[in-house]
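For reference, the chains in residue letters:
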Amino acid sequence: MSVAERLIAPKAPPAPQPQAWTGQKLVGHSLMGLWVAASVGLFLFLVGSFDIEKIRTYGPDYLSGLWITLQLVIMAVAIGALVSLPVAIGRMSANKPISWLAYAYVYAFRGTPLIAQLFLIYYGLGSFRDTLDALHLWTFFRDPWNCALFTFTLNTAAYQAEILRGAIQSVPRGQHEGAAALGISRWITFRKIVLPQAMMVALRPYGNEIILMVKGSAIVAIITVFDLMGETRRAYSRTFDFQTYIWAAIFYLIIVEALRNVWAVLENRLTRHLKR
Amino acid sequence: MPISKAFTLAASTALLAVTMSAASAQDVVRIGTEGAYPPFNVIESDGSLTGFDIDIANALCDEMEVECEFVTSDWDGIIPALQAGRFDAIIASMSITEERKEQVDFTEKYYNTPPAIAVPKDSDLTEATPEALAGIALGAQSSTTHSNYAEEKFADADLRLYPTPDEYKLDVASGRIDAVIDDVIVLSEWLESEDGACCKILDTLPIDPVINGEGAGIAVRKGEDELREKFNAAIQAIRENGTYQEINDKYFDVDVYGS
């Protein structure tokens with residue numbers, strides 16, 4: 001027993017105040033009620049219109065579409081992370097032409113819609129077939145999957161480069177100077193001092209970027225790569241049952257929810273020294 | 001402007017609007033079409049709609065003595081848009097199939113043409129058989145009878161589905177895909193144009209009544225029998241009075257009505 005507890009007699013906590021029904025509370029509760037009613041209604045609708053025949057016919061298509069979406073996003077984000085490294089370094093470079101070049105790349109890919117980039121790279125490059133043939137690049141760009149992966153990689157790399165640059169620059173200069181004063185080499189300073197602190201800042205934006213990529217990939221069917229959304233549209237065009245879109249939404253929600261949970265674990269781990 | 005004058009103007013405008021909407025309730029039929037399927041329906045560079053479907057629709061509306069208003073819609077969503085009441089009928093070269101009959105009612109056909117396969121001029125393909133097409137990249141517009149045809153008959157081909165014919169045309173011209181399947185008239189029209197110089201018709205395919213249906217008809221919402229019958233009577237009438245033939249000859253060398 002500590003000194004404080006001996007000196008001051010413990011008192012019972014005050015009785016909880018009855019909470020008044022304010023306007024705000026009323027609105028909040030009724031909105032919540034609305035949401036619950038909508039979810040119950042949706043659930044009942046799905047149960048009521050459950051059709052084993054449709055699931056048997058289109059289920060495998062959905063799974064293959066889901067697999068395409070996952071593959072595309074995972075590969076694009078991973079390769080994009082590699083590409084983003086030199087771009088981020090270029091953005092921070094003191095060399096004007098290099099930083100200008102990196103900035104132009106980031107500017108172009110962040111400033112235009114993904115769907116326009118996809119169209120330009122797929123159909124645009126398709127009309128320069130002879131040039132690409134001469135450069136031995138046609139075998140790569142002939143395939144719609146490669147074009148999709150290429151576009152998404154370049155797009156996400158631009159965003160990731162900015163996330164990385166912002167995070168690295170958010171680490172105070174004092175950290176560099178302190179490390180230098182201790183005689184720690186620049187590479188070790190970057191790897192063991194700057195990067196771990198930058199990762200804490202970058203983690204959430206990275207998660208958001210992946211989630212945006214998952215949802216952004218839903219346009220890829222316009223270049224004949226049938227992802228989850230493409231298969232959904234195909235199933236819809238044959239059944240005219242808008243349930244098909246609900247299933248797609250549920251699949252996307254599951255992906256995003258899984259990512260959110262993984263990210264919560266990662267954040268816990270990276271910030272464990274800040275826990276009290 | 002004095003208040004009384006402004007009020008009169010507002011009131012008369014409102015009155016005009018009311019009388020106009022009352023009139024349009026009976027006399028305007030809104031026709032849904034796609035606008036990306038030359039020569040049947042296409043949006044010109046100035047935004048106007050032209051094509052065989054459009055001329056037929058206008059002729060039918062004249063026959064029925066109603067005013068027609070065209071609404072364009074994406075092909076994928078054209079049946080749901082009809083059901084949602086965005087328009088009253090679809091005249092967009094829609095084949096009458098069993099699948100679609102579960103959703104909408106159709107008139108009698110107003111034309112029927114077979115599917116065909118087009119390939120680049122330097123293609124090694126010599127025949128359109130499932131064996132010859134196995135493993136080749138075959139393009140088609142998604143949600144069409146032609147894509148269903150390819151799925152059924154050429155299951156071993158690498159089927160690529162495009163939102164509209166414009167995109168598969170680009171891809172077969174650039175050599176990204178080896179062949180495309182679509183209506184023979186649509187393909188021929190494209191091959192005669194400048195953009196179609198790359199390619200040739202490989203073969204015309206036999207119509208499969210189960211997949212291709214009974215030809216292209218006009219779709220109306222289920223149960224709208226009055227409108228459907230009016231369209232049927234009008235189709236009959238323009239077939240008999242020569243208007244159909246006139247429109248047919250304006251676009252094609254052959255008779256597209258079929259047997």
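For clarity, every value in this text was computed on a predicted model and none was experimentally measured. (Residues numbered from 1 in each chain as written. Chains lettered and ligands numbered in written order. Predicted model: local features only at pLDDT ≥ 70, side-chain atom pairs only at ≥ 80, totals over all residues. Heavy atoms only, no water.)

Overview of the overall build of chain B
Here comes step 1: The number of helices and strands found in chain B is eleven helices and 13 strands.
Here comes step 2: Considering only contacts within chain B whose residues lie at least 6 apart along the sequence, 68% involve residues at least 24 apart.
Here comes step 3: Entry remark: accessible area of chain B is about 11,900 Å², with carbon and sulfur atoms responsible for 50%. (Helix = DSSP H or I, 4+ residues; strand = E, 2+ residues; numbered from the N terminus. Contact = heavy atoms within 4.5 Å. Areas by Shrake-Rupley, 256 points an atom, 1.4 Å probe, with all protein chains shown as cover.)

Concerning the nonpolar core
Where a protein is soluble and globular, its nonpolar side chains tend to be buried together.
Here comes step 1: Among the nonpolar cores identified, the biggest contains 99 residues, and Ile-223 of chain A together with Phe-52, Leu-60, Tyr-110, Tyr-111 and Phe-231 of chain B are the most heavily contacted of them.
Here comes step 2: Per-element accounting of this core gives the leading share, twelve residues, to helix H8 (residues 144–170) of chain A.
Here comes step 3: When residues of this core are assigned to domains, at least three map to each of domain 1 (19–112 + 214–251) and domain 2 (115–211) of chain B. (Core = buried A, V, L, I, M, F, W, Y, C linked by side-chain atoms within 4.5 Å. Buried < 20%, exposed > 50% of the residue type's maximum accessible area, 1.4 Å probe, protein only. Domains from an automatic or database assignment.)

Topic: the domain arrangement of chain B
All names here are of chain B.
Here comes step 1: Looking at the assigned domains, one finds that chain B contains domain 1 (19–112 + 214–251) and domain 2 (115–211).
Here comes step 2: Listed as interface residues are 14 residues of domain 1 and, on the opposing side, 17 residues of domain 2.
Here comes step 3: For the pairing of domain 1 and domain 2, the buried interface totals around 1,200 Å² over both sides, and the portion due to carbon and sulfur atoms is 51%.
Here comes step 4: Taken together, the connections running from domain 1 to domain 2 amount to zero salt bridges.
Here comes step 5: Those elements that provide at least two residues to the side of domain 1 that touches domain 2 are strand S2 (36–37) and helix H4 (98–101).
Here comes step 6: Classifying every residue of the side of domain 1 that touches domain 2 by side-chain character gives seven nonpolar, three polar and four charged. (Buried area = accessible area lost by both parts, 1.4 Å probe. Salt bridge = Lys/Arg side-chain N within 4 Å of Asp/Glu carboxyl O. Nonpolar A, V, L, I, M, F, W, Y, C, P; charged D, E, K, R; others polar.)

Here we look at the packing of aromatic side chains
Here comes step 1: With the rule as written, the count across this model stands at 25 aromatic pairs over all chains.
Here comes step 2: Here the aromatic rings of Phe-141 of chain A and Phe-150 of chain A are separated by 5.2 Å at their centres, their planes lie at 90°, and the arrangement is edge-to-face.
Here comes step 3: A residue is classified by how much of its surface remains accessible, and Phe-150 of chain A, at 29% relative accessible area, is partly exposed.
Here comes step 4: Measuring from ring centre to ring centre gives 5.6 Å for Phe-40 of chain B and Phe-252 of chain B, while their planes differ by 45°; the resulting arrangement is tilted. Taken together, the residues span a long stretch of sequence, with Phe-40 of chain B in the loop between S2 and strand S3 (41–43) and Phe-252 of chain B in the segment after helix H11 (243–251) at a distance of 212 residues. (Phe/Tyr/Trp six-rings, centres within 6.5 Å; stacked < 30°, edge-to-face > 60°.)

What to know about the packing of helix H3 (residues 52–92) of chain A against helix H11 (residues 228–239) of chain A
All names here are of chain A.
Here comes step 1: Contact geometry of H3 with H11 gives a least axis separation of 7 Å together with a crossing angle of 155°. Relative to H11, the element H3 is oriented roughly antiparallel. Taking contact as the criterion, the partners of Lys-54, Tyr-58, Asp-61, Tyr-62, Ser-64, Gly-65, Leu-66 and Thr-69 in H3 are, on H11, Leu-228, Glu-231, Thr-232, Ala-235, Arg-238 and Thr-239.
Here comes step 2: Counted by class, the contact of H3 with H11 contains five nonpolar, five polar and four charged residues. (Axes fitted to C-alpha atoms, helices over the stretch in contact; angles between N-to-C directions. Parallel < 35°, antiparallel > 145°, perpendicular 65-115°, else oblique.)

Details of the pattern of salt bridges
Here comes step 1: Following the criterion strictly, the structure yields 27 salt bridges over all chains and no others.
Here comes step 2: Between Arg-165 of chain A and Glu-162 of chain A there is a salt bridge, and its shortest N-O distance comes to 3.2 Å. With Arg-165 of chain A and Glu-162 of chain A both in helix H8 and three residues apart, the pair spans about one turn of that helix. Neither residue differs from the other here; Arg-165 of chain A and Glu-162 of chain A are each classed as buried.
Here comes step 3: Glu-98 of chain B is the partner of Lys-101 of chain B in a salt bridge, and the nearest nitrogen-oxygen pair spans 3.5 Å. With Lys-101 of chain B and Glu-98 of chain B both in helix H4, this residue pair falls three residues apart, about one helical turn.
Here comes step 4: We classify Lys-101 of chain B as partly exposed; its relative accessible area is 29%.
Here comes step 5: On the basis of relative accessible area, Glu-98 of chain B is assigned to the exposed category, the value being 52%.
Here comes step 6: Put simply, Glu-231, Arg-234 and Arg-238 of chain A together with Glu-99 and Glu-151 of chain B are held in one network by salt bridges that share partners.

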